[in-house]
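# Structure at a glance
One letter stands for each residue in the lines below.
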Amino acid sequence: MEKYSLLSLAKHALSRHRNWTPAWRTVEPKKAYDVVIIGGGGQGLATAYYLAHRYGIRNVAVIEKGWIGGGNTGRNTTAIRSNYFFPESTNFFEHSLKMYEGLGKELNYNVMLSQGGVLTLAHTPHQMDMLERWSNSIQMQGVDAQMITLQGVREFMPLLDTSAQARFPIMGGFIQNRGGVARHDAVAWGYARAADSLGVDIIQNCEVTAIHRSGNRVTGVQTPFGVIKADKVAMAVAGSSSILAQMVDLKLPIASIALQAMVSEPIKPVLNGIVVSPTVHAYVSQSDRGEILIGGRADAYPSYGQRGTLPALEETVSATLNLFPTFSRLKLMRQWAGIVDISPDSSPILGKTPVTGLYISTGWGTGGFKAIPAGGDTLAYTIAHDRPHELIKPFGLERFASGRFVNEAAAAGVDH
């Protein structure tokens with residue numbers, strides 16, 4: 001292995017990447033594949049990797065209309081946790097968290113997982129009671145959770161305004177110590193490199209304009225390269241799910257809404273983990289570059305705009321300053337929005353569709369990034385066996401006809 005001196009680092013920097021080995025191949029699409037996955041974000045790439053790695057299905061293409069990780073995977077706040085309320089959700093997201101804990105080693109790629117903990121705040125006695133019920137529910141499912149007092153909150157995150165004079169006085173909360181963050185682009189690149197090494201074709205700047213079928217069976221997709229035939233097609237296109245579903249006359253019960261995030265100028269490390277306040281609609285952490293990373297409520301109406309609206313931005317900043325008054329001295333450097341697909345019960349829609357050979361991964365709301373490993377793992381199983389994985393049976397599209405909802409609106413962290 002080369003030892004990097006200052007001279008060699010300068011040489012690589014000045015080369016402008018001309019002599020760097022690409023992390024994955026640039027390929028022309030073949031005429032046909034066993035599986036075509038639409039969407040080159042974390043969910044699509046993870047599905048492709050596990051299809052190849054676990055089931056030996058390597059004649060797979062990942063088709064991305066832009067660049068790898070350029071959609072919601074690169075436009076989120078990177079939170080990872082499994083502290084959901086209902087067993088169906090907790091089991092799924094705990095599976096994902098455990099996979100994240102070994103992901104860097106499995107992919108041989110540093111995804112920069114940092115498990116600093118996720119603290120959820122309570123501002124009233126009623127909220128403390130609800131958090132205790134929530135915490136007990138999680139512990140009964142074998143997932144780590146711990147109620148903490150006001151003094152515990154002060155010790156975990158000293159910069160919080162824990163005074164009695166705060167606009168929203170803090171009474172305590174509960175914490176999942178294994179929760180944390182990972183680097184969003186590293187997760188996407190790690191899966192892309194690993195999938196490519198197993199023979200998966202990754203095709204960027206290639207928009208799917210139609211999904212072809214014969215009768216009720218999918219047969220392929222239309223692209224700028226022409227028709228690409230496929231026995232099976234999976235859609236993992238957060239923000240565009242409804243658009244693609246319309247191509248096969250499939251109506252999805254989701255709303256696509258902008259969810260904003262923003263970062264401050266970088267400062268020295270001052271925050272441990274993530275703090276969430278459902279009351280003021282804000283969640284705050286600190287990035288590996290020192291920026292204060294802020295998220296809040298979704299915008300008020302459906303939109304595909306990746307900037308969001310000014311009222312939501314103002315409310316999120318105001319909510320954050322209610323928690324951290326000292327942050328008023330910081331400059332806001334960047335703001336953006338991802339497009340979240342929110343289902344009626346704020347749980348994902350994952351698995352088979354009424355169209356034979358067509359599979360879907362959507363409705364993740366605020367949970368898509370934390371679900372990447374488990375989403376890819378379980379959807380790959382479903383595609384390979386043409387039957388849903390046990391963990392995602394509760395999240396099938398058919399639940400909206402039967403009324404068997406898994407309502408996780410409260411556990412999403414903020415109200416939508």
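Quick look at the structure, then. Keep in mind that this is a model prediction, so the values were computed, not measured.

Here the focus is the side chain of His-389. Position of His-389 among the secondary structure elements: in the loop between helix H10 (372-385) and helix H11 (399-402). Reaching out from His-389, the side chain makes a polar contact with the backbone nitrogen of Leu-391 at a distance of 3.0 Å. Residues contacting His-389, with those up to four places away along its chain left out, are Thr-378, Tyr-381 and Thr-382.

Right, let's talk about the nonpolar core for a bit. Membership of the largest hydrophobic core comes to 57 residues, with the highest contact counts inside it found for Phe-92 and Tyr-191. The set of elements that each furnish at least two residues to this core consists of strand S1 (32-38), helix H2 (42-55), strand S2 (60-63), helix H3 (87-101), helix H4 (103-107), helix H5 (125-140), helix H7 (184-197) and H10. With seven residues, H2 is the single largest residue contributor to this core. Sequence-distant contacts of Tyr-191, that is, excluding residues within four places in its chain, are made with Leu-45, Ala-46, Tyr-49, Tyr-50, Leu-103, Leu-107, Ile-372 and Pro-373. Core analysis: the second largest hydrophobic core is formed by 28 residues, Ile-211, Val-218, Leu-358 and Leu-397 among them.

Here we take up the side chain of Thr-382. Looking at the element boundaries, Thr-382 is found in helix H10. Ignoring sequence-local partners within four residues, the contact set of Thr-382 consists of Gly-351, Lys-352, Tyr-359, Arg-387, Pro-388, His-389 and Ile-392.

Helix length check: helix H9 (residues 310-323), at 14 residues, gives a terminal C-alpha distance of 20 Å against a target of 20 Å (1.5 Å per residue), a fit within 8%. When H9 is considered as a whole, its buried residues turn out to be Ala-312, Leu-313, Thr-316, Ala-319, Thr-320, Asn-322 and Leu-323.

Below, the discussion takes up the packing of aromatic side chains. For the coordinates displayed, the defined rule picks out 13 aromatic pairs. Here the aromatic rings of Phe-92 and Phe-93 are separated by 5.2 Å at their centres, their planes lie at 85 degrees, and the arrangement is edge-to-face. Per residue, the accessibility class of Phe-92 equals that of Phe-93, and both read buried. Connected via pairs of aromatic rings, a cluster forms that spans Tyr-84, Phe-92, Phe-93, Trp-364 and Phe-395.

Taken together, eight strands build an open sheet; the order of strands is S5-S6-S4-S13-S14-S15-S12-S16 and the sheet is mixed. Every interior strand has two partners, whereas the edge strands, strand S5 (146-149) and strand S16 (332-342), have only one. Pairwise comparison of adjacent strand axes, ignoring direction, gives a mean angle of 25 degrees for this sheet. The sheet contact formed by strand S12 (residues 255-264) and S16 spans ten bridges and is antiparallel. Bridging across to S16, Ala-255 finds its partner in Ile-342. Strands in contact with H9 are strand S4 (118-122), S12, strand S13 (274-277), strand S14 (282-286), strand S15 (292-302) and S16; relative to S15, the strand with the most contacts, it is inclined by about 140 degrees.

The rules behind these values
Residues numbered from 1 in each chain as written. Predicted model: local features only at pLDDT ≥ 70, side-chain atom pairs only at ≥ 80, totals over all residues. Heavy atoms only, no water. Helix = DSSP H or I, 4+ residues; strand = E, 2+ residues; numbered from the N terminus. Polar contact = N/O pair within 3.5 Å; in protein donor to acceptor, adjacent residues only side chain to side chain. Contact = heavy atoms within 4.5 Å. Core = buried A, V, L, I, M, F, W, Y, C linked by side-chain atoms within 4.5 Å. Buried < 20%, exposed > 50% of the residue type's maximum accessible area, 1.4 Å probe, protein only. Expected span 1.5 Å × (residues − 1). Phe/Tyr/Trp six-rings, centres within 6.5 Å; stacked < 30°, edge-to-face > 60°. Pairing = 2+ DSSP bridges. Axes fitted to C-alpha atoms, helices over the stretch in contact; angles between N-to-C directions.

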